Amino acid sequence: MSLDLMELLPADWREKLEPHLDPSQVAALGAFVAQEYEEQTVYPPREDLFNAFRHCPFDQARVLILGQDPYHGPGQAHGLSFSVREGVKLPPSLRNIYKELASDLDVPLAKTGDLTPWADQGVLLLNAVLTVRAGEAGSHANKGWEDFTDAAIRALNDKEERVVFVLWGAYARKKARLITGGQHVIHESAHPSPLSAKKFFGTKPFSAVNKALADAGEPEIRWELAVD
């Protein structure tokens, strides 16, 4: 059994990623992921695997917020980095993201953890690794996902229009080497995890993203989320 990952991708992203990928490596990754879904509890659910790409078409992608690994608790991960389903308790990193957003742009703290409204505005909420075993953080690292998602970063780097790359934490910041286009903007800082939040607070990423977009003549992101 295998998953044809390229066939599952939206066509626009498939076209952009293919030049940056080795088909044999993608096939091996697809076989691994299919076996894991068959034999283990894996998050996100298979139908949510490529939600980041579905909600953010390539031509509309203006911002990348890069995470590392999906949440590994039940009901949390749904294919968007840092996001959790409606009604799920906010994870610590997301709470800290909301605190910084409130401080940065004076918006009320959101009650929902679902970041789909950001994705629908052109924010690619991408994890470097797109699957994980239940309760085992990092369990699908170094299986091929990193090359797959690096291809997405390279494809965004190829865009003539400005893309703002938001890299939180040492792992994400290593990806800056893939971003070579002078038209793009990189915003780097500490990770919003409680372990490094003191260095994350005050970095004002959301206003920085909007300024970079406005400077390029692009619409700003409406960061406010539901507070009811």
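Given the structure is predicted, the values throughout are model-derived calculations rather than measurements.

1. A short note on the nonpolar core
Grouped together as the largest cluster of nonpolar side chains are 74 residues, with contacts concentrated most on W13, L17, I65, W118, W145 and F148. For this core, the element with the highest residue contribution is helix α7 (residues 145-157), accounting for 7 residues. Among all residues touching F148, those that are not within four sequence positions of it are L5, M6, L9, L17, L21, V26, L29 and F50.

2. Thoughts on the sheet that holds strand β5 (residues 164-168)
If you trace the 4 strands from one edge of the open sheet to the other, you get β3-β2-β5-β6, paired in parallel fashion. Two strands in the sheet have a free side with no partner beyond their single neighbour: β3 (123-127) and β6 (185-189). Between one strand and the next, the sheet's axes are offset by a mean angle of 20 degrees, whatever the strand orientation. As defined by bridge partners, strand β2 (residues 63-67) adjoins β5 across 4 bridges and the pair is classed as parallel. Bridging from a neighbouring strand, L64 pairs with F165 of β5. Strands β2, β3 and β5 of the sheet are contacted by α7, whose axis makes an angle of about 155 degrees with β3. Docked against the sheet, helix α10 (residues 205-215) engages β2, β5 and β6, running at close to 160 degrees with respect to β5.

3. A short note on α7
For an α-helix, 3.6 residues make a turn, and residues three or four places apart therefore share a direction. An ideal rise of 1.5 Å per residue puts 18 Å on 13 residues; α7 measures up with 18 Å between its terminal C-alpha atoms. With 11 of 13 residues buried, α7 is to be regarded as a mostly interior element. Every buried residue belonging to α7 is among W145, E146, F148, T149, D150, A151, A152, I153, A155, L156 and N157, and all of these are buried.

4. Focus on helix α3 (residues 23-39)
The terminal C-alpha atoms of α3, which comprises 17 residues, lie 24 Å apart, in line with the 24 Å expected from a rise of 1.5 Å per residue. Within α3, burial applies to V26, L29, G30, F32, V33, A34, E36 and Y37. Of the surrounding elements, those touching the buried residues of α3 are α1 (5-8), β1 (42-43), β4 (132-133) and α7.

Parameters and conventions
Residues numbered from 1 in each chain as written. Predicted model: local features only at pLDDT ≥ 70, side-chain atom pairs only at ≥ 80, totals over all residues. Heavy atoms only, no water. Core = buried A, V, L, I, M, F, W, Y, C linked by side-chain atoms within 4.5 Å. Buried < 20%, exposed > 50% of the residue type's maximum accessible area, 1.4 Å probe, protein only. Helix = DSSP H or I, 4+ residues; strand = E, 2+ residues; numbered from the N terminus. Contact = heavy atoms within 4.5 Å. Pairing = 2+ DSSP bridges. Axes fitted to C-alpha atoms, helices over the stretch in contact; angles between N-to-C directions. Expected span 1.5 Å × (residues − 1).

Fair warning: the whole summary comes from geometry, so function is off the table for now.
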